[in-house]
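# Remarks on the overall topology
Given next are the chains, with one letter for each unit.
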Amino acid sequence: MTLDLFEPDAPSLEPLEPGAMVLRRFACRHETALLAAVQGVIEQAPLRFLVTPGGFRMSVAMTNCGALGWVSDRTGYRYDAIDPDSGRRWPRMPDAFLLLAAEAAAAAGFEGFVPDACLVNRYAPGTRLSLHQDRNERDFGQPIVSVSLGLPAVFLFGGAQRDDKARRVPLAHGDVVVWGGPARLRFHGVLPVKEGEHPLLGGCRLNLTFRRAG
Ligand code: MD3
Ligand code: FE
């Protein structure tokens, strides 16, 4: 019997705050399948820089898979069944994604989570995501599952108001966070990603967010 103390790569479950749970390294044992699946999605629906309703180009590159994809343009933010760049449906959600998202949600107490949208975010070094709420989904009773891959980042976990003090949560390759219940509408963001080299992903961070959008 080996103690967890001597197993630095073993997964762990840590409650962050009511409704938010960090599953450290939870995605590591699936990393090969996940990365192959991400590649397939990006081949069918390339990463792109969306424009905000205010006319600014986002610095995070994005794409989607699943029945619905999150998009932004001059008319606003929304979920759409069609990729505006191709005019076709988004790539289907890979089984490896569905399984991981459902397993992670269940481990955090949300049984039966079936996401219909997966937003893929790619951060180059220096890229940040400013504080925002995720409010385009139909049912806020459904959790969001987030998977971090590649370069580490510091996640900002704020309050119910934009100017509430945010706590900093470091997230590394393979870490999964489940956000639900009272944490679901909290403001959140990502500090600028530091330059670095990840053995599997090179110089970038990828984040997958799984949602029940429709
Ligand atoms: C906390 N993405 O795509 S995921 C996003 O790392 C987004 O790319 C970040 O925020 C990223 O919208 C963070 C984690 C996340 C997602 C939804 C949340 C955290 C959340 C909803 C409520 C509270
Ligand atoms: Fe968000």
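Report follows, based on the coordinates. (Residues numbered from 1 in each chain as written. Chains lettered and ligands numbered in written order. Predicted model: local features only at pLDDT ≥ 70, side-chain atom pairs only at ≥ 80, totals over all residues. Heavy atoms only, no water.)

### Some words on the overall build of the chain
Across its full length, the chain carries two helices and 13 strands. Expected size for 214 residues packed as a compact globule is a radius of gyration near 17 Å; at 16 Å, the chain falls within 12% of this value. Projected onto the principal axes, the alpha-carbon positions of the chain cover approximately 55 × 40 × 40 Å. Counting over 214 residues, the chain shows a buried share of 49%. (Helix = DSSP H or I, 4+ residues; strand = E, 2+ residues; numbered from the N terminus. Rg over C-alpha atoms; globule rule 2.2 N^0.38 Å. Buried < 20%, exposed > 50% of the residue type's maximum accessible area, 1.4 Å probe, protein only.)

### Some details on the coordination of the iron ion (ligand 2)
The protein atoms donating to the iron ion (ligand 2) are H132 (NE2), D134 (OD) and H188 (NE2), with metal-donor distances spanning 2.0 to 2.2 Å. In the primary structure, the donors to the iron ion (ligand 2) are separated according to the pattern H-x1-D-x53-H. Highlighted residues: H132 in strand β7 (residues 129-132) and H188 in strand β12 (residues 188-190), separated in sequence by 56 residues. (Donors = N, O, S within 2.8 Å, 3.2 Å for Na, K, Ca; no water.)

### Re helix α2 (residues 95-107)
With 13 residues, α2 extends 18 Å between its outermost C-alpha atoms, agreeing within 8% with the 18 Å of an ideal straight helix rising 1.5 Å per residue. Positive backbone phi, approximately 100°, marks G109, located one or two places after α2. (Expected span 1.5 Å × (residues − 1).)

### Here we look at the packing of aromatic side chains
Enumeration according to the criterion identifies four aromatic pairs in this entry. Between W70 and Y77 the ring centres are 5.4 Å apart and the planes differ by 25°, which places this aromatic pair in the stacked class. On the basis of relative accessible area, W70 is assigned to the buried category, the value being 11%. A relative accessible area of 44% means that Y77 is categorised as partly exposed. A ring pair is formed by F155 and W179, whose centres lie 4.9 Å apart and whose planes are at 40°; its orientation type is tilted. With F155 in strand β9 (residues 153-157) and W179 in strand β11 (residues 176-179), this pair connects stretches of sequence that are 24 residues apart. As far as the burial class goes, F155 and W179 line up, both buried. Members of the aromatic cluster, joined through ring pairs, are F155, F157 and W179. For R57, the ring lying beneath its charged end belongs to F49, and the centroid distance is 3.9 Å. Here the basic side chain of R186 rests over the ring of F157, its NZ or CZ set 4.3 Å away from the ring centre. (Phe/Tyr/Trp six-rings, centres within 6.5 Å; stacked < 30°, edge-to-face > 60°. Lys NZ or Arg CZ within 6 Å of the ring centre and 35° of its normal.)

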